[in-house]
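Chain and residue survey
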Amino acid sequence: MNKNALIIFQKNEIPGKVKTRLAASIGDESALKIYRILIQHTHSILKEIVADQFIFYSDFIPEIRIESGRIVHERIQTGKDLGERMRNAFETVFSEGYDHVVIIGTDCVDLKPAHIQKAFKKLSQNDAVLGPALDGGYYLLGLKKLIPEIFEEIDWSTNQVLNQTKSKLQELNFSIGIIDTLSDIDNIADWEKVKGRFDSELNSKH
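Attention here is on the structure that accompanies the text. Source: prediction; values computed, not measured.

With that settled, consider the overall build of the protein chain. A tally of regular secondary structure across the protein chain gives seven helices and seven strands. Across the protein chain, helices and strands are ordered from the amino to the carboxyl terminus as β-α-α-β-β-α-β-α-β-β-α-β-α-α. The C-alpha atoms of the protein chain give 16 Å as radius of gyration, which agrees with the globular expectation for 206 residues (17 Å, within 12%). Projected onto its principal axes, the C-alpha positions of the protein chain cover 50 × 35 × 30 Å. Considering the protein chain as a whole, with its 206 residues, one finds that 47% of them fall into the buried category. Long-range pairs, those at least 24 residues apart, make up 66% of the contacts in the protein chain between residues at least 6 apart in sequence. Accessible surface, the protein chain: about 10,400 Å² in total, of which carbon and sulfur atoms supply 48%.

Within soluble globular proteins, side chains that are nonpolar tend to cluster in buried spots. Tyr138, Leu141 and Leu143 are the most contacted members of the largest nonpolar core, which has 27 residues in total. If you tally residues by element for this core, the top one is helix α3 (residues 82–94), at five residues. Discounting residues that sit within four places of it in the chain, Leu143 has contacts with Phe90, Phe94, Asp99, His100, Val101, Leu123, Asp127, Ala128, Ile150 and Phe151. By size, the runner-up hydrophobic cluster in this structure holds 21 residues, among which are Ile45, Ile49, Val129 and Leu182.

On to the side chain of His100, then. Mapped onto the fold, His100 is located in strand β4 (residues 100–104). Contact partners of His100, with chain neighbours within four places excluded, come to Asn2, Lys3, Asn4, Ala5, Phe120, Leu123, Ser124, Leu143 and Lys144.

Conventions we followed
Residues numbered from 1 in each chain as written. Predicted model: local features only at pLDDT ≥ 70, side-chain atom pairs only at ≥ 80, totals over all residues. Heavy atoms only, no water. Helix = DSSP H or I, 4+ residues; strand = E, 2+ residues; numbered from the N terminus. Rg over C-alpha atoms; globule rule 2.2 N^0.38 Å. Buried < 20%, exposed > 50% of the residue type's maximum accessible area, 1.4 Å probe, protein only. Contact = heavy atoms within 4.5 Å. Areas by Shrake-Rupley, 256 points an atom, 1.4 Å probe, with all protein chains shown as cover. Core = buried A, V, L, I, M, F, W, Y, C linked by side-chain atoms within 4.5 Å.

Note that all results are geometric; they support no functional claim without further evidence.
Structure representation (structure tokens):
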């Protein structure tokens, strides 16, 4: 039986350090409120995932955490850019004896338990799994072992991330499974499309 782990990359809730492209349009406090909604959404679907879960925070392990009713392991991201931080997180989790490791962020409101379950299933037949984002990045990456090259020389936060990652995997002769394409929430246009789903959370005082 394969030992599965799910990594959640989560930024600490600091005004001015989350959803910066969104904040450029609506301000730091409003962007932080939306980010909290995205975090809550992500954690609500993770209750259905049967895998050991690791939250890697951007800066520190917070004193107050989301009450999710599940056991999670908490770590802090290390590295100078997104690629190095993800590589180090995979290396940490693989070193603890896991066979299949999937990483997600907290920016995808269309993410459902079925997407993560499908990723783990595809990992049983492929070396890597990608969940493409509409903006040219990816919202999910799954690996059977650490492949350092896919975290190096990638133009992070551009529309080339997915293609560059796929190209590196193909050059190294690794098989790739692809799951559904979904939308990340990065800017005001992304948020406008989905904010109606979250009216009650937006109107709350928290």
